[in-house]
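Structural overview
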Amino acid sequence: MSLLLASALLVTACGGKTNESNGSSDANSNEISILRPSWNNLRPASKDLWMWKEYEKMSGMKVNWEELTDIGEKKNIILTRGKLPDAFYQVDWSNGELLKYGKQGMFLPLEELIKNNAPNLQKYLDENPDVRKGITSADGHIYATPYLDPYPEGNRTIRLWINKKWLDKLGMEVPKTTAELEEALMAFVTKDPNGNGVNDEQGYYMPSGSIGWTFEQMMMGSFGIGNGGRKAVGNFIYVDDNDEIQLTITSDEYKEILKFENRMYKNGAINKQAFSGVDYDKWTADAAKDLVGAWNWSAPDYIGESVKDDFVAINVLAGPEGDMASLTDSQVAGASSLVVTKDAKDPAAILKWVDYFYSEEGSVFGYLGKEGVTYNKVDDKMVYIDEILNYKDGIGLGAFQYVDNVYGGYFPYVELSPEVRAAAGKQEVPVYKDLTEKTLPSVMLPDLPATIEEANESSSIIADVSNYVGQMRVEFVTGTKDIDKEWDNYIAQLKKMGIDKYLTHKQTQYKRYKES
C-alpha cells in the first residue's frame, strides 16, 4: 500500500449489505457509519471531500466517516468494540480473517444482498465467474465487495523499466531476453552512459528490499515458474503444466534465478545496496541525478516526474529456456474493499449505495468527478480541470483533493481503462507491444479460499518461511553463502518449517477454487 501511495496511481470508494434473510431492506435508512484508513495528511477528510459531499446529494445517503491511521494494526482491536461501524471501507482483511469473522457473525454474508440490491456488481460477477470464485470464501459465502481491475496493461502488471536514454547512447536495443538484460546492465555500469566521466551509474537499482518482490518475481516468468500471476508467486506458488500447484522457492528454476541475481550482483549490474541503505527518497534523488539504469513497478511515475520519460517498459523477458510470462495480477485486485458488519442497521441500503461505483458512470465519478466541475470534455476526452492538472504536487494528488478513487487502493469500484486515465491527465496512452494474450500467465489466481484451520496453519508456517527465504536471498545473492553447496540445507530447513504442509493446503485450496 505504501508503494502504491508513493506512485500516486490508484483510487478509493465504499460498500454495503442487509439484515433481511432475502437480502431486501425494509429499514429505508438514510444514514450509515463507515470506518476507513485516514488520508487526511494528503487531502481533505472524507466528510469534507467534494466527491463524498456530492454523492450524499446524489444518493440521499449520509455517511458518518471515521478515519484512522495505522488501521492495519488497529483493525482487530476495533472488532472488540461494543458497537461496530456499519461497514469497513478500504480495510485490508485477509481471506482467512474474512472467513473467521464471517463464521463468528461479525461480518455479514453478502451474496444474497448483492443479488437483490447491487445489480451492477451482480452483472459483473455473472459475466466474470473467475471473479466470483476469487471473492468466495471456503464456506461458500462472499464477505466483502471487491476492487476490480479488468486491464492487465494498467496497474495489474509489474513491469521492468529500463533507461532508454542510456541504451540509445550506447547503441543498444531494448532487451528481449534475460541474457540481453544482463548485457545492457553491465554496459550501464562500465561505459559511462550518463556521460559525466564518473563511474557512478547503477544497473538494476531500487529502494533496498524491493528486489525480492519486484525483479525476482518478474524473473519467475522468465524461468518457467511464473504461471499463476502476481498473487501466486507472492505466496511462493505457481501453476505447472499439469494445472497443479507447486512451490517456487524449492524449485530448481528458483535456484537458477538466485544464481542469475548473484552473478549480476557480483559484477555490479545489481546495486550493492539492494538489501539495505537506500530508502525511497534517496532512490528518487539518485534517479534525478541520472544514476538509475533499471527498476520495476507498474507505471513510470513511481521514480519521479522529472525522469520518468527516460525509461521504457519491458513486460516480459525470454529466459534461458525461452520461457516468458508477465507479472500480472488477477482482476480481483483487492478482495476486501467493503465489509458489512453485524451492527449495520440496513445492510441492503449500504449495498445499494456502493453498487453505483460498479457501474461505468460510477467508475467515472469516482476517478474523474463530474463534467464541468472536476473535468471537462476536450476533443471528446474527459480531462481534469486546470486546478488538478497544475497542482503543485502532481496530477494524482491534485485529483485527490476532489475525488477518492485516484490514490491508495482497495476501493469498491471497477478501475477505468488506461486510455481514460491517461486522457484525464493529458498524458500519452501507454502502449505495451510485448503484453499480449500469449505473454500473460495462462492462469491468474486471486488469494485462494482457505478454511480457518488452513489459514491458521499456513500463516504460522509462512511467517517463518518468509523470514528465512528473505534472509537466504540476501546471503545467496550477495555471495555470503554458496548456492550450490547450501541448497540442500536450505531445502531441508524449509521442510522443517512445514513448507510441504503449506503446499498441501495450497493444492487443496486451488482444487476448491476451481470447483467453487
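Procedures and definitions
- Residues numbered from 1 in each chain as written.
- Predicted model: local features only at pLDDT ≥ 70, side-chain atom pairs only at ≥ 80, totals over all residues.
- Heavy atoms only, no water.
- Pairing = 2+ DSSP bridges.
- Helix = DSSP H or I, 4+ residues; strand = E, 2+ residues; numbered from the N terminus.
- Buried < 20%, exposed > 50% of the residue type's maximum accessible area, 1.4 Å probe, protein only.
- Expected span 1.5 Å × (residues − 1).
- Phe/Tyr/Trp six-rings, centres within 6.5 Å; stacked < 30°, edge-to-face > 60°.
- Lys NZ or Arg CZ within 6 Å of the ring centre and 35° of its normal.
- Contact = heavy atoms within 4.5 Å.

Let's talk about the sheet that holds strand E3 (residues 87-89)
Overall, mixed pairing links the 6 strands, which are arranged E2-E1-E3-E12-E4-E15 in an open sheet. Both edges of this open sheet fall to strand E2 (62-68) and strand E15 (413-414), since each of them pairs with a single strand only. Pairing of strand E1 (residues 31-37) with E3, which is carried by 2 bridges, proceeds in the parallel orientation. Residue pairing in the sheet places Leu 35 in a bridge with Phe 88 of E3.

Some words on the pairing of strand E5 (residues 157-163)
Across the 7 residues that make up E5, a large majority, 7, are buried. On E5, burial covers both faces: Thr 157, Arg 159, Trp 161 and Asn 163 on one face and Ile 158, Leu 160 and Ile 162 on the other are all buried. Relative to strand E11 (residues 327-328), E5 runs antiparallel, the two sharing 2 bridges. Bridge assignment links Thr 157 to a residue of E11, and that residue is Thr 328. As defined by bridge partners, E5 adjoins strand E9 (residues 292-297) across 4 bridges and the pair is classed as antiparallel. Across the sheet, the residue bridging to Leu 160 is Asn 296, located in E9. Inspection of the sheet shows E5 paired to strand E10 (residues 311-314) by 4 bridges, in the antiparallel sense.

So, helix H9 (residues 178-190)
For H9, built from 13 residues, the straight-helix expectation of 18 Å at 1.5 Å per residue is met to within 8% by its first-to-last C-alpha distance of 19 Å. Here H9 has its buried residues at Thr 178, Leu 181, Glu 182, Ala 184, Leu 185, Ala 187, Phe 188 and Val 189. Two residues or fewer past H9, Asp 192 is found with a positive phi of approximately 50°.

Things to note about the packing of aromatic side chains
Per the stated rule, a full pass over the model turns up 42 aromatic pairs. The ring centre of Phe 400 lies 4.8 Å from the NZ or CZ of Arg 43, which sits over that ring. Seen from the ring of Tyr 265, Lys 272 lies directly overhead, with NZ or CZ sitting 4.2 Å from the centre.

Considering the side chain of Arg 473
With respect to the secondary-structure elements, Arg 473 resides in helix H19 (residues 452-478). Classification of Arg 473 by relative accessible area gives buried; the value is 14%. Leave out the neighbours within four places in its chain, and Arg 473 touches Ile 211, Gly 212, Glu 216, Tyr 254, Leu 258 and Phe 275.

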